[in-house]
Amino acid sequence: MASQNKRIAKELAECTTSPPAGITITLPNDSDLHRWHVTLAGPDNTVYAGGQFGLIVTLPVDYPFRAPVVTFATRIYHPNVTNDSLGNVCLGPLKAENWKPSTRLAGVLEAVRALLVEPQPDDPLEARIADEFRQDRAEFEKNARAYVVRYAKGPVKFDAAVGAAAAGAEAAGGAATGAAVVRP
Amino acid sequence: MSQGPFLRPSTCLHDVHVNPSWKGGTTVSSTVIRNITALSSQLAYSAHFVGNTVTLSNRYAILSNGAISGLLFVPDLRTNDACNRETASHVPLNVARQADLPPMNYHLIAIAPWVSGRCAEAYMNAARSTPVRAFLFYQAGSGSALPPPSDAVDWQIDSTTDWMGQSSWPVYAVSGMVGEVLMQHLSLYSGNVTEAPFGSNITDRFLADPEDYLRIWTELDVGTSPSGFETWVYFLIILAVFLAVITTTSLLMHFVQAWRRVGLRRRVAAGDVNLEAMGITRLTVPRSHIQQYPLYTYHYEPEAASPPIIPGSPGPARTRSRTLSGDLAKSSAASRAARSATVSELGLSSPFTASTAATDYQPTCEICLEPYENRVTVIRELPCGHIFHPDCIDQFLGANSSLCPVCKASMLPPGYTPRITNAMVRRERAIRRLRGQVEVQEDGDFVGSGGPRGRWAATRNRLFGRNKDKPSLNSIDSTELQETRPVSKPSERQKRRGSRPTEPQSQEPTNTLAEGRMRELAGFEPDFDNTGSTRWQRMRTRIFPGFS
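For chain B, an unreviewed UniProt entry supplies the name RING-type E3 ubiquitin transferase and the organism Dichotomopilus funicola. Quoted verbatim from the Catalytic activity (unreviewed entry) heading of the UniProt record, the comment on chain B is "S-ubiquitinyl-[E2 ubiquitin-conjugating enzyme]-L-cysteine + [acceptor protein]-L-lysine = [E2 ubiquitin-conjugating enzyme]-L-cysteine + N(6)-ubiquitinyl-[acceptor protein]-L-lysine." Under the UniProt heading Subcellular location (unreviewed entry), the note attached to chain B is "Membrane".

Looking at an unreviewed UniProt entry, one finds chain A named E2 ubiquitin-conjugating enzyme, with Dichotomopilus funicola as its source organism.

See below:
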């Protein structure tokens, strides 16, 4: 456990000293390394430019062995993000079968940013938005920009999705302790 | 009128009853019925007729325990009725009439000879004013033969009136002999006790008042109603068939599933299938096997060029700068050199074709990200060439996963098979189908694929009219369908895979119903940590394994 916290601290230091482009990281609670609040600036030359998107990164207790959970705290109009207050993201490297302990959070956050640059409509969470993205790009861009204006301007509020993220963290923790009991 | 098929063998029980307290209607409330025949069959009259009854009308049959019972009597016709004369030869003068019965609301059973339809109607009209529960007819002089069926001409009544509808009781026919015997006894037991056969004995034995009356109590056992009987039989048959079908199906599915489990276990043991890499289940490596992986002291001699810090980033081929203590270093060098060095970025590419580079230079433990200290840190090397702190990798392989944390190569001992469950079989099949489909699309030759997988894909192609050139399913292409089995066209697949993370894919909508279903089946959510299935679902899976 100690070594795992050490790894998280190391990654946090890495991410704060030389953060990936457009990303700033804060800890809502200094004593809790397992919850990160990330502010992601909408990449330039995309429909999300000018928006500030809040991400909540929740690290399971056995973090490098299990994938972290990333959710959007800010509403975003995107084929791969659920269009609700949960803000679940479909991210390849975070899927249980794809996760590798050698994957780093900086990389994960960059993947999220890459998803804003290049949505993946073929693996959508919001099928309707994905269809719109493929078939009526102008309409998609209009809607996405409207969402940015409506939700992603001004300082990021992380409260909206905190409840959902907390529930996810508890679930992850529960699964982990369960596994620990089963395999002494 | 209906008749016999539903009428079970009937019996008529004729018991003699003493009615000790009834004296002409003044002491009605204390009337008691005692069944004398139950006490002494020698003294009182008792008979039992079996299978001698035909149902003429079973409307309004009010049964208690499958029987109709009551005191037997002959209804009174109007005094000027011609039928009195016509039936006089069959009805003795002193038979029990209604006037001879207690003035209580007893259940009564009427009996009369059938001499003509008109007289039968007259008797039934007469009985209508009494609390009759059933009417017995007999054809006088017809012997012991079963009476004719209800639709026989013998039972015709030339009248426009609906006599069956007007009578609020069932009508039965007994054989002539039975009717005559009943009629004879009815005349014997119509007075008070002293007038009955063995009357004085009954008085002595049962302390009956000589003024008490002995009457005949009749029970008609007509069984349960026929329609109810048949409904039950049909219900039971349907239930039995249903259960048999379910049992057979269940057994069959269990058998098929067991057969599939054996097949999957064989393929897992042979190394054709990697359950964890396919996302089917989490596996762990036995501790004893982990301990067999060699331990070395980390030894790094820096050379001229400073190696890049970030592992996993592409770079030029580097000289081998890590040496291992012990003579194992030499043996592993050759294999390591032969390993491919394609970069795996964020786990998006297949671990089996693109094992990571940097097995030559690994300055930090990829689990805890701590750098190794030269000539100090003890490291464990996995067969794929990746090195870790023993503590880190032992915990990871022993409790979390069977795959290398960096390249996802399987660390399971050769031939090792976990317990194969039905869920694993189902998932593996779904993924294999998907994979077959992808291969078919890539090869553009679904006829030649052969085997059940190819046939399946071909059928689906025909059914859904899919466009072969359409590179659909790319979201679930090779990255999620990894198997260690070599694929038919590796170069083409690799090209496709390499371009996947950034290149926007086909814009055509690919959502056929079946495809969605396949995605669902191949989805990874439910079985990794198998929760959330309801009790009903678990039961269904237990009875019908493989049902999905």
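What exactly am I supposed to notice about the environment of A122 of chain B here?
Residue and element names in this part refer to chain B. Tracing the sequence through the fold places A122 in helix α3 (residues 117–127). Its relative accessible area of 13% is what places A122 among the buried residues. When the C-alpha positions of A122 and L77 are compared, they lie 6.9 Å apart, and in sequence the two are 45 residues distant. If sequence neighbours within four positions are ignored, A122 has contacts with L77, D81 and C83.

What is the right way to read the sheet that holds strand β2 (residues 35–41) of chain A from this model?
Pairing between the strands of a sheet comes from backbone hydrogen bonds, and it takes one of two forms, parallel or antiparallel. Residue and element names in this part refer to chain A. Spatially, 4 strands are ordered β1-β2-β3-β4 in an open sheet, and the strand pairing comes out antiparallel. The two strands at the open ends of the sheet, each matched to only one other strand, are β1 (23–26) and β4 (69–72). Pairwise comparison of adjacent strand axes, ignoring direction, gives a mean angle of 25° for this sheet. Judged from the 4 bridges that link them, strand β3 (residues 52–58) and β4 form a sheet pairing that is antiparallel. Following the sheet pairing, L55 is matched in β4 by F72.

Would you explain the packing of aromatic side chains in this entry?
For any pair of aromatic rings, the description consists of the separation of the ring centres together with the inter-plane angle of the planes. Taken as a whole and judged by the stated rule, the model has 13 aromatic pairs over all chains. On the numbers, 5.0 Å between centres and 55° between planes, the contact of F65 of chain A with F396 of chain B is tilted. Taken together, the residues span two chains, with F65 of chain A in the loop between β3 and β4 and F396 of chain B in helix α10 (residues 390–399). The class of F65 of chain A is buried, set by a relative accessible area of 4%. Ring centres of F135 of chain B and W169 of chain B lie 5.6 Å apart, and the angle between their planes is 40°; on these two criteria the pair is classed as tilted. Within this pair, whereas F135 of chain B is found in strand β7 (residues 132–138), its partner W169 of chain B is found in the loop between α4 (163–166) and β8 (171–174), the two being separated by 34 residues in sequence. Through pairs of rings, three or more aromatic residues link up here, namely Y77, F133, F140, Y147 and Y151 of chain A. The ring of F133 of chain A is capped by R137 of chain A, whose NZ or CZ atom sits 3.8 Å from the centre of that ring.

Explain the pairing of β2 of chain A here, please?
Successive residues of a regular strand alternate their side chains across the two faces of the sheet. All names here are of chain A. By the criterion of burial, β2 is predominantly enclosed, with 6 of the 7 residues buried. Pairing geometry for β1 and β2, over 4 bridges, is antiparallel. Across the sheet, residue T26 finds its bridge partner in β2, namely H37. As defined by bridge partners, β2 adjoins β3 across 7 bridges and the pair is classed as antiparallel. Looking at the pairing, H37 lines up with I56 of β3.

Where do I start with a nonpolar patch on the surface in this structure?
On the surface, a nonpolar cluster with roughly 670 Å² of combined accessible area is contributed by W232, F235, L236, L239, F242 and L243 of chain B. Looking at where W232 of chain B falls in the secondary structure, it is placed in helix α7 (residues 226–269).

How should I be thinking about the state of the cysteines in this particular structure?
When the sulfur atoms of two cysteines share a covalent bond, that bond is a disulfide. Residues and elements named next belong to chain B. For the structure shown, the criterion picks out 1 disulfide over all chains. Here C83 engages in a disulfide with C119; their sulfurs sit 2.0 Å apart. Across the S-S bond of C83 and C119 the torsion is about -95°, and the bridge reads as left-handed. Of this pair, C83 sits in helix α2 (residues 82–87) while C119 sits in helix α3; the two residues are 36 residues apart in sequence, bridging distant segments of the chain. The pair formed by C83 and C119 is uniform in burial state, with each residue classed as buried. Of all cysteine sulfurs in the structure, the one in C384 sits closest to C407, which takes part in no disulfide; the separation is 3.6 Å.

Hey, could you run me through the packing of helix α3 (residues 127–135) of chain A against helix α4 (residues 137–151) of chain A in this one?
The packing of two helices is summarised by the inter-axis angle and the distance between the axes. Residues and elements named next belong to chain A. Contact pair α3 / α4: the axes reach a minimum separation of 5 Å and the direction vectors enclose 125°. With respect to each other, α3 and α4 are oriented oblique. Contacts from I129, E132, F133 and Q135 in α3 reach R137, E139, F140 and N143 in α4.

Explain the pattern of salt bridges here, please?
Pairing between side chains of opposite charge can happen when their charged atoms approach one another. Residue and element names in this part refer to chain A. A complete count under the given rule lists 14 salt bridges over all chains for this structure. Across the salt bridge formed by K95 and D123, the nearest N and O atoms sit 3.5 Å from each other. You can see K95 sitting in the loop between β4 and α2 (105–117) and its partner D123 sitting in the loop between α2 and α3, a full 28 residues away along the chain. Across the pair R134 and D131 runs a salt bridge whose closest N-O atoms are separated by 2.8 Å. Taken together, the residues R134 and D131, both in helix α3 and 3 residues apart, mark about one turn of the helix.

What's the story with the nonpolar core in this structure? I'm lost.
What tends to happen in soluble globular proteins is that the nonpolar side chains get buried as a cluster. One finds I111, F135, L136, F137 and L186 of chain B to be the most contacted residues of the largest nonpolar core, which totals 54 residues. At the level of secondary structure, the elements contributing two or more residues to this core comprise β4 (53–57), β5 (67–73), β6 (108–113), α3, β7, β8, α5 (176–188) and β9 (213–221) of chain B. Per element, the largest residue contribution to this core is 7 residues, and it comes from α3 of chain B. Beyond its immediate sequence surroundings of up to four residues, F135 of chain B is in contact with P75, A110, I111, A112, Y123, M124, A127, W169, P170, V171 and Y172 of chain B. Core analysis: the next-biggest nonpolar cluster, separate from the first, contains 41 residues, W36, L109, L116 and A144 of chain A among them.

What counts and what doesn't
Residues numbered from 1 in each chain as written. Chains lettered and ligands numbered in written order. Predicted model: local features only at pLDDT ≥ 70, side-chain atom pairs only at ≥ 80, totals over all residues. Heavy atoms only, no water. UniProt positions renumbered as here; feature names shortened; annotations may be inferred. Helix = DSSP H or I, 4+ residues; strand = E, 2+ residues; numbered from the N terminus. Buried < 20%, exposed > 50% of the residue type's maximum accessible area, 1.4 Å probe, protein only. Contact = heavy atoms within 4.5 Å. Pairing = 2+ DSSP bridges. Axes fitted to C-alpha atoms, helices over the stretch in contact; angles between N-to-C directions. Phe/Tyr/Trp six-rings, centres within 6.5 Å; stacked < 30°, edge-to-face > 60°. Lys NZ or Arg CZ within 6 Å of the ring centre and 35° of its normal. Patch = residues over 30% accessible without salt bridge, like charges linked within 9 Å, V, L, I, M, F, W, Y side chains within 5 Å. Areas by Shrake-Rupley, 256 points an atom, 1.4 Å probe, with all protein chains shown as cover. Salt bridge = Lys/Arg side-chain N within 4 Å of Asp/Glu carboxyl O. Disulfide = S-S within 2.5 Å. Parallel < 35°, antiparallel > 145°, perpendicular 65-115°, else oblique. Core = buried A, V, L, I, M, F, W, Y, C linked by side-chain atoms within 4.5 Å.

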